[in-house]
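Structural description and commentary
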Amino acid sequence: MRCVTLAGESRYFNPMELMQLRKEQMKTVILVLLILNCLQLTGQIWFNKKLWPSGYNFFNSVAGNPVVSAIIKSLPFARGGVLMSDIYANAVAPQKIVINGGNAREVYYPGQKQYGDASEVVGNVMTKLLETASPRSAEIPADDWHAYLKGKSIYVDYGFSMDWDSFANSFGYGAGAAFSGAGQVSDILITGDSVTKEGIVCLYDAAANTVTKYWVDYTGEALLKYIEAATFGKRQNRVFAFELNLDGASDSPGIKRSVLLNSLVLLLVKDDESANEIAVSNPLRNETAVFDRIVAALDYTPSSLRKSVTKEGIASYVENSATIRISPGGVIEYRAVEAGKGILLSGSGEPSQLVSSVIQVANAVWRAAGEDRAPEIRLASDLVAARDGVYHIRLNYNFAGTPVVTRIDGDEPINNAVYAYVQNGYLTSFKMVLRTFEALETTAPLMTAISAIDSLAARYGGGQDKMIVDDLFECYSSEGDSRGVMWGVKIAGSNDVVTVTE
């Protein structure tokens, strides 16, 4: 049973009644939107304005209406007034959650039941933090941070940084959170204080290279018991770079190394790891009707655009304000001549809502291409509020909990599955690569992380400057002949990912 307040009166509904209530509320919202749109079109007729301007989108056209916003915010299932919260939460979900047991270590990835259980524990603790107006806190040194990572703790690795509002929004909060932190969040560590019995949350800001420790009103003993249960009878098959003295802080003048690791890089030390191979395919059919549907999914009318096709089959749709190119190889490109001529994204312009809106555009393209369901899409770049209103949003596919690296060489290399350039709330440049993935019954061995570092040093270590590896992770490739799991490497100072195989 769940309590819902209607017209000032609290009533309890069972799940079926609650579902029916939500359906009726959505019908009411849609009806109001239709009425508002009719009024808008009537006004355009009166003033002799063009009914369907370029880039017109019905829902976007009324999204900024204060009446509509008030209705949406009043819905019980629209927490914080953001209907796309689930899309955003999935896009910024941690790339892995590590349970450190002291002498054992478990690593969970998206899609695993243990990952879901650990996420629930993390969410409960973070809720306590975000609902505390002024939590006790202190900045801690690197030694204390590393000690927590080696002790009994839960380590949450996002793979990117978020500003505070974007981070809070991932837990369903934002401006409504009682606690408003500062800076950016790149990683979380949660543990229990054995003395005060409180919960402890450490937030790492990679940009400032600082760790802030917060004491939370959460049972520390319960956290430690969960950690002990999760790692009972397990082994320590993965170690952090700082534990092997492979990070920059441990670099010695007497030892010449061409590759150094970020201290938080987690290394696989087993030599018998294997994983399923996958089949990668391009779902785009080289048919005029399919291409036209994709153009329509981007809110343009195909028949009103000038269309041309190259001998390679690349179709270009051109109008005065934008160009859309569709390649039979599965690459979709959109480009507006200026910001005001782009596609207006829904929402208030907050980074979290922009990410959700870009994913909605990508999902619309997938449906137009004939696919009922798009692969999982996750954020692959930092998400920080921009003073100039410009955002470069990069996203990659994820299959069975494993990131998929997209890299296509050419005159304009493609390094992500989805790339979006957003300016003042308008999508002015958009590029995506359509790929589908299927697990095969065959498996392939994965080289150890140490071997991957040696291979990386052999390939790129000939220069005078040392290479700094920010992250090393298991991944698949959406291109080429390799079907097995390989190592993806993020190099400091570059947005691209280098893959390392046998």
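Conventions used here
Residues numbered from 1 in each chain as written. Predicted model: local features only at pLDDT ≥ 70, side-chain atom pairs only at ≥ 80, totals over all residues. Heavy atoms only, no water. Helix = DSSP H or I, 4+ residues; strand = E, 2+ residues; numbered from the N terminus. Buried < 20%, exposed > 50% of the residue type's maximum accessible area, 1.4 Å probe, protein only. Contact = heavy atoms within 4.5 Å. Areas by Shrake-Rupley, 256 points an atom, 1.4 Å probe, with all protein chains shown as cover. Axes fitted to C-alpha atoms, helices over the stretch in contact; angles between N-to-C directions. Parallel < 35°, antiparallel > 145°, perpendicular 65-115°, else oblique. Left-handed = near helix turned anticlockwise from the far one by under 90°. Nonpolar A, V, L, I, M, F, W, Y, C, P; charged D, E, K, R; others polar. Salt bridge = Lys/Arg side-chain N within 4 Å of Asp/Glu carboxyl O. Core = buried A, V, L, I, M, F, W, Y, C linked by side-chain atoms within 4.5 Å. Polar contact = N/O pair within 3.5 Å; in protein donor to acceptor, adjacent residues only side chain to side chain. Expected span 1.5 Å × (residues − 1). Phe/Tyr/Trp six-rings, centres within 6.5 Å; stacked < 30°, edge-to-face > 60°. Lys NZ or Arg CZ within 6 Å of the ring centre and 35° of its normal.

1. A few points about the overall build of the chain
Looking only at helices and strands, the chain features eleven helices and 27 strands. Looking at the chain as a whole, 48% of its 502 residues are labelled buried. Here the contacts in the chain between residues at least 6 apart in sequence split such that 62% fall between residues at least 24 apart. Element-wise, carbon and sulfur atoms account for 50% of the exposed surface of the chain, whose accessible area totals about 24800 Å².

2. As for the packing of helix H9 (residues 288-297) against helix H10 (residues 351-368)
Closest axis-to-axis distance for the H9/H10 pair is 8 Å, and the angle between their directions is 160°. Overall, the two elements H9 and H10 adopt an arrangement that is roughly antiparallel. For the crossing formed where H9 meets H10, the hand is right-handed. Across from Val 290, Arg 293, Ile 294 and Ala 297 in H9, the residues of H10 making contact are Ala 364, Val 365 and Ala 368. Classifying every residue of the contact of H9 with H10 by side-chain character gives six nonpolar, no polar and one charged.

3. Quick look at the pattern of salt bridges
Considering all chains together, one arrives at 16 salt bridges under this definition. A salt bridge links Arg 105 to Glu 243; its shortest N-O distance comes to 3.0 Å. Of the two residues, Arg 105 is situated in strand E4 (residues 105-108) and Glu 243 in the loop between strand E10 (238-240) and strand E11 (259-261); the sequence distance between them amounts to 138 residues. Three or more residues are tied together by salt bridges with common partners; here these are Arg 325, Glu 333, Glu 412 and Lys 431.

4. Here's the deal with the nonpolar core
Phe 167, Ile 188, Ile 393, Phe 430 and Met 432 are the most contacted members of the largest nonpolar core, which totals 108 residues. Residue contributions to this core peak at nine residues, all from H10. Once residues within four sequence positions are removed from consideration, Ile 393 is found in contact with Leu 354, Val 355, Val 358, Leu 379, Ser 381, Val 418, Tyr 419, Ala 420 and Val 422.

5. Quick look at the side chain of Ser 170
Mapped onto the elements, Ser 170 comes out in the loop between helix H7 (164-169) and strand E7 (184-192). Classification of Ser 170 by relative accessible area gives buried; the value is 15%. Among the polar contacts made by the side chain of Ser 170, one reaches the main-chain carbonyl oxygen of Phe 167 at a distance of 2.5 Å. Sequence-distant contacts of Ser 170, that is, excluding residues within four places in its chain, are made with Tyr 88, Ala 89 and Val 92.

6. A word on the environment of Gly 199
In this fold, Gly 199 is placed in strand E8 (residues 199-205). Residue Gly 199 is classed as buried on the basis of its relative accessible area, which comes to 0%. Along the sequence, Gly 199 and Tyr 214 sit 15 residues apart, while their C-alpha atoms lie 8.4 Å from each other. When neighbours within four sequence positions are excluded, Gly 199 is seen to be in contact with Thr 191, Tyr 214, Trp 215, Val 216, Tyr 218, Gly 220 and Leu 223.

7. Quick look at helix H5 (residues 113-130)
Here H5 is 18 residues long and its end C-alpha atoms lie 25 Å apart, about the 26 Å a rise of 1.5 Å per residue gives. Taken as a whole, H5 has its buried residues at Tyr 115, Ala 118, Val 121, Val 122, Gly 123, Val 125, Met 126, Leu 129 and Leu 130.

8. Details of the packing of aromatic side chains
With the rule as written, the count across this model stands at 14 aromatic pairs. When the centroid spacing of 5.4 Å and the interplanar angle of 75° are considered together, the rings of Phe 167 and Phe 171 count as edge-to-face. Consider the rings of Tyr 397 and Phe 437, whose centres lie 5.8 Å apart with planes at 65°: the pair is edge-to-face. Here Phe 437 lies in strand E24 (residues 436-445) and Tyr 397 lies in strand E20 (residues 390-399), a separation of 40 residues in the sequence. Across the pair, exposure class does not vary: Tyr 397 and Phe 437 are buried alike. Here the aromatic cluster, defined as three or more aromatic residues joined through ring pairs, consists of Tyr 158, Phe 160, Trp 164, Phe 167, Phe 171, Phe 179 and Tyr 214. Across from the ring centre of Trp 215, 4.3 Å away, lies the NZ or CZ of Arg 136, which sits over that ring.

9. Concerning unusual backbone geometry
One non-glycine residue, Asn 245, lies in positive phi territory at about 55°. For Asn 245, the location among the structural elements is in the loop between E10 and E11. A positive phi is found at Ala 400, a non-glycine position, where the angle reads about 55°. By secondary structure assignment, the location of Ala 400 is in the loop between E20 and strand E21 (402-405).

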